[in-house]
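Close look at the chain arrangement
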Amino acid sequence: MNAKLKKALDYLCVVNNVSAGILSHPLDESRTKEMFKFLHSIGVELELQAIRRWAVEKQWEKASIKELTDLAHKINSGKRVVINYPGRLGDKILSELKSM
């Protein structure tokens, strides 16, 4: 898995409520969408199989894994993704990911 993608997923696990599903809360959903769009914008491929394997290793529920990989696929495909609450990612994580 790409190191930037792994770092981003690990970060989302810390700041989002993953026990309820990473996309279950509107702010968590916005943060995840924003992170995936950011990664895509800096040329990081959202590797669906790698994301799936990572989530399985973290023992996520199947529905949550599907939501996450569906979102990644949508962004990889260039489809429109609406972020209802933008600006939820800190500048620190964004600059760390850029500098990797």
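Attention here is on the structure that accompanies the text. A quick note: this is a predicted structure, and the numbers were derived from the prediction, not measured.

Our focus in this paragraph is the overall build of the protein. A count of helical and extended segments in the protein gives five helices and zero strands. In sequence order, the protein lays out its α and β elements as α-α-α-α-α. For 100 residues, the compact-globule estimate of 2.2 N^0.38 gives 13 Å, and the protein sits close to it at 12 Å. When its C-alpha atoms are laid out on the principal axes, the protein stretches across 30 × 30 × 25 Å. Looking at the protein residue by residue over its 100 residues, the buried ones come to 38%. Intrachain contacts of the protein at a sequence separation of at least 6 include 72% that bridge at least 24 residues. Accessible surface, the protein as shown: approximately 5800 Å² in total, 49% of it carbon and sulfur. A gap of 3 Å separates the mean positions of the 17 positive and 12 negative side-chain charges of the protein.

Taken together, the side chains of K37, K74, K79 and R80 define a basic patch exposed on the protein surface. Among the residues examined, K74 registers a relative accessible area of 37% and is labelled partly exposed.

Before going further, it helps to spend a moment on the packing of helix α2 (residues 26-41) against helix α5 (residues 91-99). Axis separation between α2 and α5 bottoms out at 11 Å; the angle between their running directions is 30°. Relative to α5, the element α2 is oriented roughly parallel. Once α2 is placed against α5, the crossing between them reads as right-handed. Within the contact between the two elements, α2 uses M35, F38 and L39 and α5 uses I93, L94, L97 and K98. Residue classes in the contact of α2 with α5 are distributed as six nonpolar, no polar and one charged.

Time to look at α2. Structurally, the α-helix is built with 3.6 residues per turn, so residues lying three or four positions apart point the same way. Helix length check: α2, at 16 residues, gives a terminal C-alpha distance of 22 Å against a target of 22 Å (1.5 Å per residue), a fit within 8%. Residues of α2 that are buried: D28, S30, R31, T32, K33, E34, M35, F36, F38 and L39. Here the buried face of α2 lies against α1 (3-15), α3 (48-57), α4 (62-76) and α5. Two residues or fewer past α2, G43 is found with a positive phi of approximately 90°.

What counts as what
- Residues numbered from 1 in each chain as written.
- Predicted model: local features only at pLDDT ≥ 70, side-chain atom pairs only at ≥ 80, totals over all residues.
- Heavy atoms only, no water.
- Helix = DSSP H or I, 4+ residues; strand = E, 2+ residues; numbered from the N terminus.
- Rg over C-alpha atoms; globule rule 2.2 N^0.38 Å.
- Buried < 20%, exposed > 50% of the residue type's maximum accessible area, 1.4 Å probe, protein only.
- Contact = heavy atoms within 4.5 Å.
- Areas by Shrake-Rupley, 256 points an atom, 1.4 Å probe, with all protein chains shown as cover.
- Lys, Arg positive; Asp, Glu negative; His and termini not counted.
- Charge placed at Lys NZ, Arg CZ, Asp CG, Glu CD.
- Patch = residues over 30% accessible without salt bridge, like charges linked within 9 Å, V, L, I, M, F, W, Y side chains within 5 Å.
- Salt bridge = Lys/Arg side-chain N within 4 Å of Asp/Glu carboxyl O.
- Axes fitted to C-alpha atoms, helices over the stretch in contact; angles between N-to-C directions.
- Parallel < 35°, antiparallel > 145°, perpendicular 65-115°, else oblique.
- Left-handed = near helix turned anticlockwise from the far one by under 90°.
- Nonpolar A, V, L, I, M, F, W, Y, C, P; charged D, E, K, R; others polar.
- Expected span 1.5 Å × (residues − 1).

Interpretation in functional terms is not warranted from these geometric data alone.
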